[in-house]
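Examination of the molecular architecture
What follows is the residue order along each chain.
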Amino acid sequence: MNDPVAYGIAILAVLVAVFAGWHTLRRREFGNPLFYAVCVLEIVLLALLVGGSIALGRTSRDVDGVLFISYLVTMVVIPPAAVVWGIAEKSRWGTGVVVVAMLTIAALSVRLLGIWKGAYA
Amino acid sequence: MPERSDTSHGFGRVLVAIYAVFAVAASARSIVQLITEVESDTVVPYVLSAFAGVVYVVATYALARNHRRLALVTIGIELVGVIAVGLLSLVDTELFPDQTVWSDFGRGYVFIPLVLPFVGLWWLRRTSRGPASMV
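Residues numbered from 1 in each chain as written. Chains lettered and ligands numbered in written order. Predicted model: local features only at pLDDT ≥ 70, side-chain atom pairs only at ≥ 80, totals over all residues.

In terms of helices and strands, chain A carries 4 helices and 0 strands. Beginning at the N terminus, the succession of helices and strands in chain A can be written as α-α-α-α. Since a compact globule built from 121 residues should have a radius of gyration of about 14 Å, the 15 Å found for chain A is in line with a globular shape. Oriented by its inertia axes, the alpha-carbon framework of chain A measures out at about 50 × 20 × 20 Å. When the 121 residues of chain A are sorted by exposure, 37% land in the buried category. Contacts in chain A between residues far apart in sequence, at least 24 positions, make up 74% of those at least 6 positions apart. (Helix = DSSP H or I, 4+ residues; strand = E, 2+ residues; numbered from the N terminus. Rg over C-alpha atoms; globule rule 2.2 N^0.38 Å. Buried ≥ 20, exposed ≤ 12 C-beta atoms within 10 Å, placed from the backbone. Contact = placed C-beta atoms within 7 Å.)

What follows is the structure in structure tokens.
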């Protein structure tokens, strides 16, 4: 767990948010390209969950383990929830839910780095 | 296009999503604090965190299920809470040794807690006029 990983995921999430926001503004339907974009992020987040858990086990840092893992799990759960909710909403705002979810992922990723570094202890 | 004047559809779906995020964030933070950090002389921020968490959970439920009066009450409490706690945390820093969602007008959450109740009230007002005026 380090700066490039956390900020890389945050930037990726913001990019997907911008893509989803473009859908919202242009009243585009929730299409395959957006779905695949969310899928790519989800795969990265699953990798983060596994990698983060292993890193937590190995590190000698004083990381709040429960908080750290709960953030990792929350981040994995958010994208599928957003996709289900986004598709359920038939108006332009369905993709708006994805925007909110992706920005949440970005915020959580930056906070996760803070937890790793013990910034909130 | 939402066909009902319902707080949970259209833009309301996005609003419910944001409220849900804050419901989880505030109550999860509160639970962690209550388990790990409470000491007798620092009870205020933790009780407040728990209260804020409950307010967000109820507001999310009210908006999602179109309970307009309950939504109005909880969003009203949220508005008063964020302004009162924001002011208090600036005036008396001793009172809030630890962060809550509403400290410093929600600065730790990029001031979304300050903006959210206004958006919520606007949305309740907007949806009360009927389907014709909805975006």
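Read on, since the account is not over.
As a further point, take the environment of Leu63(B). Residues and elements named next belong to chain B. Tracing the chain through its elements places Leu-63 in helix H2 (residues 43-64). A count of 28 C-beta atoms within 10 Å places Leu-63 in the buried class. Taking C-alpha positions, Leu-63 is 8.7 Å from Asp-6, a pair spaced 57 residues apart along the chain. Aside from chain neighbours lying at most four places away, what touches Leu-63 is Thr-7, Ser-8, Gly-12, Leu-15, Val-16, Tyr-19 and Ala-71.

Residues and elements named next belong to chain A. Contact pair helix H3 (residues 65-88) / helix H4 (residues 94-117): the axes reach a minimum separation of 9 Å and the direction vectors enclose 175°. By the criterion of interaxial angle, the relationship of H3 to H4 is roughly antiparallel. Only Gly-94, Thr-95, Val-97, Val-98, Ala-101, Thr-104, Ile-105, Leu-108, Arg-111, Leu-112, Ile-115 and Trp-116 of H4 make contact with H3, whose side of the interface consists of Leu-67, Phe-68, Tyr-71, Thr-74, Met-75, Ile-78, Pro-79, Ala-82, Trp-85, Gly-86 and Ile-87. Considering only residue class, the contact of H3 with H4 consists of 17 nonpolar, 5 polar and 1 charged. (Axes fitted to C-alpha atoms, helices over the stretch in contact; angles between N-to-C directions. Parallel < 35°, antiparallel > 145°, perpendicular 65-115°, else oblique. Nonpolar A, V, L, I, M, F, W, Y, C, P; charged D, E, K, R; others polar.)

Formed by 62 residues in total, the largest nonpolar core has its most connected members in Met102(A) and Tyr19(B). What Met102(A) contacts, discounting residues up to four positions off in sequence, is Ala13(A), Val14(A), Val16(A), Ala17(A) and Ala20(A). (Core = buried A, V, L, I, M, F, W, Y, C linked by C-beta atoms within 7 Å.)

Our next topic: the interface of chain A and chain B. Counting residues at the interface gives 11 residues for chain A and 11 residues for chain B. For the side of chain A that touches chain B, the elements supplying multiple residues, two or more each, are H3 and H4 of chain A. Ranked by residues supplied to the side of chain A that touches chain B, first place goes to H4(A) with 6 residues. Across the side of chain A that touches chain B, the residue classes break down as 6 nonpolar, 4 polar and 1 charged.

So, on to helix H1 (residues 3-25) of chain A. Residue and element names in this part refer to chain A. The end-to-end C-alpha separation of H1 is 32 Å, in line with the 33 Å expected for 23 residues at 1.5 Å each. The elements touched by buried residues of H1 are helix H2 (32-58) and H4. Following H1 by one or two positions, Arg-27 has its phi on the positive side, about 55°. (Expected span 1.5 Å × (residues − 1).)

Everything listed here is a matter of coordinates, which is why it stays silent on function.
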